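Single-letter residue listing:
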Amino acid sequence: MNKTTLLVRLQNERDQFELLLNRVGFARRLTLRGVSGGLTVKDLLAEALSHELFIADRLTEILHGEAYSPSASFSALENFQKEFGYPDYESPLVEKHKLNWTVLNAYKNIEFDEIVAEELTVYASIVELLEKLSHHQFLDHDLFHRIAEHTYRPYRRAGSLIHAWLGRIAAEPK
């Protein structure tokens, strides 16, 4: 894969995710519980945003030649989350693909529109940073995999849950 292909794939995945969010938003169901357990679309968007924040910060570090090392101890993991406001998703101590309730609680009292605005800004930042990074930086930091892991894979996970939820709602008797 090359950078151009990654950017095209990222934008395609992003477009599908935004279309789904618009579809749900048009139905005014963004904050209804039950998408997956007691989660809302807002919760799923907050989770995706936390992954995007994580990778945006790592891309900024790479661009500035700073080193990142995944948290190797629980105290380092706790300090990381206190410093950045999201988990160290690449730490071997973090369960992959498991929702982080600390993140969801942090966004609990923030309006959906504010989360969307922040998420759009972070996504634009990711694209801008990707365009600035060299092919060698992509290879040296395994960015083809890491970008997918923290952008469109969370979009797909959230999208899958939202599609299933919409199917359940449509099947309910009126």
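No experiment lies behind these values; they were computed from the predicted model shown.

A. Broad picture of the nonpolar core. Of all hydrophobic cores here, the largest spans 48 residues; its most connected members are Leu10, Val41, Leu59, Leu130, Ile147 and Ile162. For this core, the element with the highest residue contribution is helix H2 (residues 41-63), accounting for 11 residues. Among residues more than four places away in sequence, those in contact with Ile147 are Leu6, Leu10, Ile55, Leu59, Leu130 and Tyr152.

B. Structural detail: the pattern of salt bridges. If you walk through the whole model with that rule in mind, you get 10 salt bridges. The partner of Lys82 in a salt bridge is Glu78, and the shortest N-O contact between them spans 3.3 Å. Of this pair, Lys82 and Glu78 are both found in helix H3 (residues 74-84), four residues apart, which corresponds to roughly one turn of the helix. We classify Lys82 as exposed; its relative accessible area is 63%. Ionic pairing is found between Lys98 and Glu95, a salt bridge with its closest N-O pair at 3.5 Å.

C. Looking closely at the packing of helix H7 (residues 143-150) against helix H8 (residues 152-171). Across the interface, H7 lies against H8 with an axial gap of 3 Å and an inter-helix angle of 30 degrees. Here H7 is positioned roughly parallel relative to H8, judged by the angle of their axes. Contacts between H7 and H8 pair His145, Ile147, Ala148, Glu149 and His150 from the former with Tyr152, Arg153, Pro154 and Arg157 from the latter.

D. Structural detail: the packing of aromatic side chains. Tallied over the full model, the rule gives nine aromatic pairs. Taken together, a centroid distance of 5.9 Å and an interplanar angle of 70 degrees make the contact between Phe80 and Tyr86 edge-to-face. In this structure Tyr86 comes out as buried when scored by relative accessible area, which is 2%. Judged by centre distance (5.0 Å) and plane angle (40 degrees), the ring pair of Phe138 and Phe144 falls under tilted. You can call Phe138 buried: its relative accessible area is 0%. Overall, Phe144 belongs to the buried group, its relative accessible area being 15%.

E. Focus on H8. In a regular helix each residue adds 1.5 Å, so 20 residues correspond to 28 Å; H8 covers 28 Å between its end C-alpha atoms and thus fits that length. Those residues of H8 not exposed but buried are Tyr152, Pro154, Tyr155, Ala158, Gly159, Ile162, Trp165, Leu166 and Ile169. Summarising the axial view, the buried residues of H8 lie within an arc of 140 degrees, below the 170-degree limit, and thus occupy one face.

F. Up close: the environment of Glu95. Mapping Glu95 onto the fold places it in the loop between H3 and helix H4 (101-106). Residue classification places Glu95 among the exposed residues on the basis of a relative accessible area of 54%. In terms of polar contacts, Glu95 uses its side chain to reach the side chain of Lys98, at 3.5 Å.

G. The environment of Leu21, seen in detail. Assignment of secondary structure puts Leu21 in helix H1 (residues 3-26). The class of Leu21 is buried, set by a relative accessible area of 14%. In this structure the C-alpha to C-alpha distance between Leu21 and Glu131, which are 110 residues apart in sequence, comes to 26 Å.

H. Focus on the side chain of Ser50. With respect to the helices, strands and loops of the structure, Ser50 is situated in helix H2. Since its relative accessible area comes to 1%, Ser50 is described here as buried. There is a polar contact of 2.5 Å between the side chain of Ser50 and the side chain of Tyr89. Those residues in contact with Ser50 that lie beyond four places of it in its chain are Tyr86, Tyr89 and Val103.

Definitions and cut-offs
Residues numbered from 1 in each chain as written. Predicted model: local features only at pLDDT ≥ 70, side-chain atom pairs only at ≥ 80, totals over all residues. Heavy atoms only, no water. Core = buried A, V, L, I, M, F, W, Y, C linked by side-chain atoms within 4.5 Å. Buried < 20%, exposed > 50% of the residue type's maximum accessible area, 1.4 Å probe, protein only. Helix = DSSP H or I, 4+ residues; strand = E, 2+ residues; numbered from the N terminus. Contact = heavy atoms within 4.5 Å. Salt bridge = Lys/Arg side-chain N within 4 Å of Asp/Glu carboxyl O. Axes fitted to C-alpha atoms, helices over the stretch in contact; angles between N-to-C directions. Parallel < 35°, antiparallel > 145°, perpendicular 65-115°, else oblique. Phe/Tyr/Trp six-rings, centres within 6.5 Å; stacked < 30°, edge-to-face > 60°. Expected span 1.5 Å × (residues − 1). Arc of directions from axis to C-beta. Polar contact = N/O pair within 3.5 Å; in protein donor to acceptor, adjacent residues only side chain to side chain.

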